[in-house]
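# A closer look at the structure
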Amino acid sequence: MRPLVILRPEPGAGKTAERAAEMGLKARIIPLFVPQAVDWDAPAPDRFDALLLTSANAARLAGERLADYRTLPTYAVGRATAQALEEAGFAQVIAGDGNGTAIARRIAADGHGHVLHLAGQTVAPIDAGALRIDRIAVYEMLRTGDDRVAERLEPDSVLLVHSPRAGEVLAELAGPEQRAYLHLIAISPAALAACGSGWASARTPDKPDDERMLALALRLCE
C-alpha cells in the first residue's frame, strides 16, 4: 500500500487522518503551515446583509467578536467550515459544497447584496458577480520552518494538498527528480496548478472536499 501524507495544518490534519484510518489508510501528518490569529477591527453587523466564511480556521480564530454576527444570514464553503461556525454558536448555517464563487452565487440568489467575508490573509479568488464583498483577514498561515519536508517524503507516497499556497510551498520543496516518484491529490484545480508539473500522477476531486480527496487516495493507495 502506498503511504498517504497529509500536508494540511492542524486541527484539520487530524480530522483527515481520522477519516483515512476509518477507510483503512495509514496516514502521516507533515503540516506545511500553522494557523495564527491576527488582530482585526470588527465592523458593525448592521452594515451587512450576510456573513461568509470560506475556511474553518476563520471561525476558530476570529475570536470573541465573531459572535457579533450571529444575527446575520450565514454562509460557509464546505461542511467543516459550517461545523466550526455551529460550534461557535451559529444556529443556522447554509453550507455550499463548491467553491467561493459558487456560494457567492447562492448568496446573491437569496437576495443579499453586501457581504462580510471573514477569511485568512491568503484567499482563493471569488467571482463576486453583483455582490459587494468586504473581506477582513482574521488569521494568517505561517510556515512551519521545516525545510526537511522533502526528505521525509517516501517515494511512491500519495500527497494531499489542501490549498494553492500549500501547492506553492510543495513545488518549492520538491525538485523535479523527486516529483517523478510522488502522487498528488489536490483539493481544487487552483491548488493542483500551484504544485507545478512533473509528478508521477496528479488529480483533483469533482468537488473540493476532504471526503472526495480521500476517496481518490483510497484508489491510489491500494
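Residues numbered from 1 in each chain as written. Predicted model: local features only at pLDDT ≥ 70, side-chain atom pairs only at ≥ 80, totals over all residues. Heavy atoms only, no water.

It is worth spelling out helix α3 (residues 79-87) at this point. Within α3, burial applies to T81, A82, A84 and L85. Take α3 and look down its axis: the buried residues cluster within an arc of 160°, on one side only. Where α3 terminates, the next one or two residues include G89, which has phi positive at roughly 100°. (Buried < 20%, exposed > 50% of the residue type's maximum accessible area, 1.4 Å probe, protein only. Helix = DSSP H or I, 4+ residues; strand = E, 2+ residues; numbered from the N terminus. Arc of directions from axis to C-beta.)

A word on the UniProt feature "domain: Tetrapyrrole biosynthesis uroporphyrinogen III synthase" (unreviewed entry) in the protein chain. In this numbering, the UniProt entry assigns the feature "domain: Tetrapyrrole biosynthesis uroporphyrinogen III synthase" (unreviewed entry) to residues 16-214. Secondary structure over residues 16-214 splits into 29% helix and 25% strand, and the C-alpha atoms at its two ends are 8 Å apart. (UniProt positions renumbered as here; feature names shortened; annotations may be inferred.)

Our next topic: the sheet that holds strand β10 (residues 183-186). The sheet built from five strands is open, its strands ordered β2-β1-β9-β10-β11 with parallel pairing. Since the sheet does not close on itself, it has two edges, and those belong to β2 (27-29) and β11 (201-203), each with one partner. Put simply, the sheet's adjacent strands are angled 20° from each other on average, direction ignored. As defined by bridge partners, strand β9 (residues 158-161) adjoins β10 across four bridges and the pair is classed as parallel. What sits directly across from V158, in β10, is H183. (Pairing = 2+ DSSP bridges. Axes fitted to C-alpha atoms, helices over the stretch in contact; angles between N-to-C directions.)

This part takes up unusual backbone geometry. Residue P11 is reached from E10 by a cis peptide bond, and omega for that bond is 5°. Among the secondary structure elements, P11 is positioned in the loop between β1 (4-6) and α1 (12-22). Phi at D156 is positive, roughly 75°, even though this residue is not glycine. Within the secondary structure, D156 is located in the loop between β8 (132-143) and β9.

Let's shift gears to the side chain of H183. Along the chain, H183 falls in strand β10. At 3.4 Å, the side chain of H183 forms a polar contact with the side chain of R2. (Polar contact = N/O pair within 3.5 Å; in protein donor to acceptor, adjacent residues only side chain to side chain.)

For the rest of this paragraph, the subject is the pairing of strand β5 (residues 74-77). Judged by which residues are buried, β5 turns out to be covered on both faces: T74 and A76 on one side and Y75 and V77 on the other are all buried. Bridging between strand β4 (residues 50-53) and β5 involves three bridges; their strand directions are parallel. Paired with L51 across the two strands is T74, which belongs to β5. Regarding the hand of the β-α-β motif, the stretch spanning β4, helix α2 (residues 56-61) and β5 is right-handed. In terms of strand pairing, β5 meets strand β6 (residues 93-96) through four bridges, oriented parallel. Directly across from V77, in β6, lies its bridge partner G96. In this fold, β5 hands off to α3, which returns the chain to β6; that crossover is right-handed. (Right-handed = clockwise from strand over helix to strand, strands pointing away.)

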